[in-house]
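Letter by letter, the chains look like this.
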Amino acid sequence: MKIFWIALFFPLLAFGQLEVVPIQRSPMQPTTYARRASLPPMQLPFWDDFSKSIVTDTLWESYHTVLINAGMATNPPTIHVASFDGLNANGEPYSIVPLELGFTDSMVSRRIDLTQVPLALRNSIYFSFFYQWGGFADTPDPNDYLTLEFRTDAGLWEPVLTLYSDNTTQSPFVFYDTAFRINQDRFYHNNFQFRFRSFGRRSGRYDVWHIDYVYINFRTPEEEGNTSISDRAMTRPFSSLFGKYFAMPYAHFKVNPAAHLTAPSFEVFNLKDTTFNQVLNYTTYFRISNFSSGTETITFDNYVEYETGIPSIPSRERRQYTVALLPPAAAFNSSADSAFVFASIGINSGDNEEDYYSRYVPINFLVNDTLSFSYRLTDHYAYDDGTAEYAAGLTQAGNMAAYKFATAHGQPDTLSGVFIYYPFTAAASPNIATFMVWSSENGKPAGLLAEQTVPVRRNGNNIFTYFKLNPAVVVPDTFFIGWKQTPGGLVRIGLDSSNDTGDRMYVNTTGTWVLNDLIAGSLMMRPQFGKGDVVTAVETSSVKIIELYPNPNNGIFYLRGPVRGIEILSLSGQPVPFTFAAYDELTEVHARIPAPGMYLVRCQTPESVQILKLLVRP
């Protein structure tokens, strides 16, 4: 079993091989922080599972030093967690002193007006959350801790809970929950707040804590002292539709589409901890668009609801499911030059219906019930899903790294260019790198096919730099791309931890190619095929797909993407009234749906108008 944090936390073991380093994060803009701090005090309940940024953005006055992510924790209750470590908001160490200890990351809640809680209920208000120390990251030492503090009516921060790592009674790979009563008078004021703070090593991504599912609310006598809640949630991104690849050249794929379509799997966790088996069904939605010279033709657009033969989920357990029915191979047009596939999986758990009590209002437990992803079939391969959790690179000048690819149609083809994501890291980055292409012999890099000096450009978070091979090179059906570490600085490449292709990475430090056994994940390097005449500077697509989720829904949904205008229409063309709130590229929509059924959502973007189908449940 590969564990990708070995190289990060024990770099002396790498002996010049690949190592993992943290990525810098964009600092919070002062106006954003000021806007959050100026929000009026909210009322209970307080609930955040970090699965959707739109929730976190309105519930926390400050959270810019923690990392909201889906790759550092193991077996979380919901798909994202908040991780605390020794890196600040820019991804830089709090201190350059290697062993310095002190407070590191923190999260401060929005103000909460607890004076609205009736006196008769103040003995039944509970604070609960899940926590994990370590996971896939560095485990805290015995003297490191995570503390929870409350703001008193005197404006002072008072510690109410301190957690330490304990290998004798707990595991760093398990999430534990805790719940305790808030019944002290000094906390019942109109500017109550709470904050989490971590204490540990301040010089890097060390002594890591994760929290999830923070909840404050009234508990019934049956619920007091436990963390049961009537919610079922997705826990991780679903796997790719194309096996190990998240993107493939369409010319290679459409030779035999059925051979490359792979049923995605997903995982669900039941957060109700009474003796309870949740009967579950789920809905899949696939939309396939084929493009010919920029003209779109939708060849498949279908919902399928699965209601029978699906194993139920016992309380506090998780289950993995595999999608039963894939879109047909015939939906991929052999005469088209590219295709886009939008996939969505939503569980129909009854979270907001069957056992949704009045005390939960206005929590929307459906926000963690749907996953979606857009796949592209254009001109390149991608093992990564487009989001980097870390960066990876070589440690010494002269070393080489190679990454294995195989053409899907099993034939040689012309490699015309490469897309590479160079993330921002704390270390300085060189301006150029030496890119290399090799053939394959006995599964390892063999003859050198091309060597070229290429630019290293940090274009922004998860933005790829494109460079053209000059001249283009014909590669066999199995080939390698990679780089040589130059003396001028360390080249760092984005690493996606959600899809492990570490067994396709090789390192050469002594003249011999050695299979990587230190890191897991996928390097964000994407080989492009064509005639060698592509001149684009940065990877782009002609259409950025707007995602709508959850779908089906009850009239409340989200649009992810650069939406500039919205219309909702019935199938007969009648407009449907709605309200919305926009947060960067995420838009929350509340539609006043006259009746259940199918509706159309017309989205205006800077490049196009997209029509999405909306299915509203009874």
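Since the model is a prediction, treat every value here as computed from it, not as a measurement. Position numbers for residues count from 1 along each chain, tracking the sequence in the order it is written. Local features in this predicted model are restricted to residues whose pLDDT is 70 or higher, and side-chain atom pairs enter the listing and the counts only when it is 80 or higher, whereas totals over whole chains, interfaces and linings include all residues. Hydrogen atoms and water are omitted, and side-chain values are computed over all heavy atoms in the structure.

Participant: Explanation requested: the sheet that holds strand β14 (residues 247-249) in the structure shown.
Facilitator: Sheet strands line up and pair through hydrogen bonds in the backbone, either parallel or antiparallel. A pair of strands is labelled paired if DSSP reports no fewer than 2 bridges between them. A helix here means a DSSP run of H or I that spans at least four residues, while a strand means a run of E at least two residues long, and both kinds are numbered starting from the N terminus. Across the sheet, five strands lie side by side as β14-β22-β21-β17-β18; this open sheet has mixed pairing. Every interior strand has two partners, whereas the edge strands, β14 and β18 (295-306), have only one. Ignoring strand direction, the axes of neighbouring strands in this sheet form an average angle of 15 degrees. In this sheet, strand β22 (residues 370-378) lies alongside β14 in parallel orientation, the contact comprising three bridges. The partner of Pro-249 across the bridge, within β22, is Thr-378. Every axis in this analysis is a line fitted to C-alpha atoms, fitted for helices over the stretch in contact. Angles between the N-to-C directions lie between 0 and 180 degrees.

Participant: Just to check I follow, could you spell out the pairing of strand β34 (residues 525-529) for this structure?
Facilitator: Looking down a regular strand, the side chains alternate between one sheet face and the other. Between buried and exposed lies partly exposed: a residue is buried under 20% and exposed over 50% of the maximum accessible area for its type, with that area taken using a 1.4 Å probe on protein chains only. Where burial is concerned, most of β34 is hidden: five out of the five residues are buried. Every second residue of β34 is oriented toward a common face, with Met-525, Pro-527 and Phe-529 on one face and Arg-526 and Gln-528 on the other, all of them buried. As judged from the five bridges shared by strand β25 (residues 413-420) and β34, these two strands associate in the antiparallel manner. By the bridge assignment for β34, Phe-419 is matched with Arg-526.

Participant: Help me understand the pattern of salt bridges in this model?
Facilitator: Close approach of charged atoms lets side chains of opposite charge pair. One side-chain nitrogen of Lys or Arg within 4 Å of one carboxyl oxygen of Asp or Glu is enough to make a salt bridge. With the rule as written, the count across this model stands at 14 salt bridges. Among the salt bridges present, the one from Asp-503 reaches Arg-504, with a minimum N-O distance of 3.0 Å. By relative accessible area, which is 23% here, Arg-504 ends up partly exposed. Beyond isolated ion pairs, a larger network of salt bridges with shared partners links Glu-149, Arg-195 and Arg-197.

Participant: Which parts of the structure should I look at to understand the packing of aromatic side chains?
Facilitator: The geometry of an aromatic ring pair comes down to the distance between the two centres and the angle between the two planes. Two rings belonging to Phe, Tyr or Trp (six-membered ring only in the last case) form a pair when the distance between their centres is within 6.5 Å. Interplanar angles under 30 degrees mark stacking, angles over 60 mark edge-to-face geometry, and anything in between is tilted. Within the structure shown, the criterion is met by 54 aromatic pairs. Between Phe-291 and Phe-340, the aromatic rings sit 5.3 Å apart at their centres with planes inclined by 85 degrees, giving edge-to-face as the arrangement. Residue Phe-291 is located in strand β17 (residues 281-292), and its partner Phe-340 is located in strand β21 (residues 338-348); the two are separated by 49 residues in the primary sequence. What makes Phe-291 buried here is its relative accessible area of 4%. For Phe-340, a relative accessible area of 8% translates into the label buried. Each ring, one from Phe-435 and one from Phe-467, has its centre 4.9 Å from the other, and the planes form 70 degrees; the classification is edge-to-face. One end of the pair, Phe-435, is in strand β26 (residues 432-441); the other, Phe-467, is in strand β28 (residues 465-475), and 32 residues separate them in sequence. Comparing Phe-435 with Phe-467, the two get one shared label, buried. It is Arg-359 that lies over the ring of Tyr-360; its NZ or CZ is 5.3 Å from the centre. Consider the ring centre and the ring normal. A charge sits over the ring if Lys NZ or Arg CZ is within 6 Å of that centre and within 35 degrees of that normal.

Participant: What should I look at first to understand the sheet that holds β28 in this one?
Facilitator: Taken in spatial order, the three strands of this open sheet run β28-β25-β34, and their pairing is antiparallel. Looking at strand neighbours, the two that pair on one side only are β28 and β34, the edges of this open sheet. This sheet shows a mean twist of 25 degrees between the axes of neighbouring strands, independent of strand direction. Sheet analysis places β25 next to β28, joined by seven bridges and oriented antiparallel. The residue of β28 that forms the bridge with Ile-420 is Thr-465.

Participant: Is there a simple way to think about the side chain of Thr-283 in this case?
Facilitator: In this structure, Thr-283 sits in strand β17. We call two residues in contact when some of their heavy atoms are within 4.5 Å. Apart from the residues lying within four places of it in its own chain, the contact partners of Thr-283 are Tyr-303, Val-304, Glu-305, Ser-344, Ile-345, Gly-346, Asn-348 and Pro-552.

Participant: Quick question: what am I supposed to make of unusual backbone geometry here?
Facilitator: Peptide bonds are mostly trans, and most non-glycine residues show a negative phi. Along the chain, Asn-470 connects to Pro-471 via a cis peptide bond; the corresponding omega equals 5 degrees. Mapped onto the elements of the fold, Pro-471 is located in strand β28. Backbone geometry at Arg-316 places phi at a positive 55 degrees, although glycine is not the residue there. Assignment of secondary structure puts Arg-316 in the loop between β19 (313-314) and β20 (318-322).

Participant: Looking at this structure, how should I read the environment of Gln-528?
Facilitator: Within the element layout of this structure, Gln-528 appears in strand β34. The spacing of Gln-528 and Val-81 is 447 residues in sequence and 34 Å in space, taken between C-alpha atoms. Pairing of N or O atoms within 3.5 Å defines a polar contact, subject to two protein rules: one partner must be a possible hydrogen donor and the other a possible acceptor, and residues neighboring in sequence count only if both atoms are side-chain atoms. There is a polar contact of 2.8 Å between the side chain of Gln-528 and the side chain of Asp-379.

Participant: Before we go on, may I ask you to explain the nonpolar core in this structure?
Facilitator: Considering soluble globular proteins, one finds that nonpolar side chains tend to be buried as a cluster. The definition of a nonpolar core used throughout is a set of buried Ala, Val, Leu, Ile, Met, Phe, Trp, Tyr and Cys residues joined through side-chain atoms within 4.5 Å. Judged by nonpolar contacts, the single largest core of 76 residues is most densely connected at Phe-242, Phe-266, Phe-332, Phe-435, Ile-481, Trp-483 and Met-525. Non-local contacts of Phe-242, meaning those with residues more than four positions away in its chain, are made with Met-248, Phe-253, His-260, Leu-261, Thr-262, Val-341, Tyr-375 and Leu-377. Membership of the second largest hydrophobic core comes to 34 residues, among which are Leu-44, Phe-150, Trp-209 and Val-214.

Participant: So what exactly am I meant to see when it comes to the pairing of strand β8 (residues 145-151) here?
Facilitator: Buried residues dominate β8, accounting for six of its seven residues. Sheet topology note: the β8/strand β9 (residues 157-164) ladder contains seven bridges and is antiparallel. Of the residues in β9, the one forming a bridge with Thr-147 is Thr-162. Between β8 and β9, which pair antiparallel in sequence order, lie five residues; one of them, Gly-155, sits at a positive phi of approximately 85 degrees. As defined by bridge partners, β8 adjoins strand β11 (residues 194-201) across six bridges and the pair is classed as antiparallel. Directly across from Tyr-145, in β11, lies its bridge partner Phe-199.

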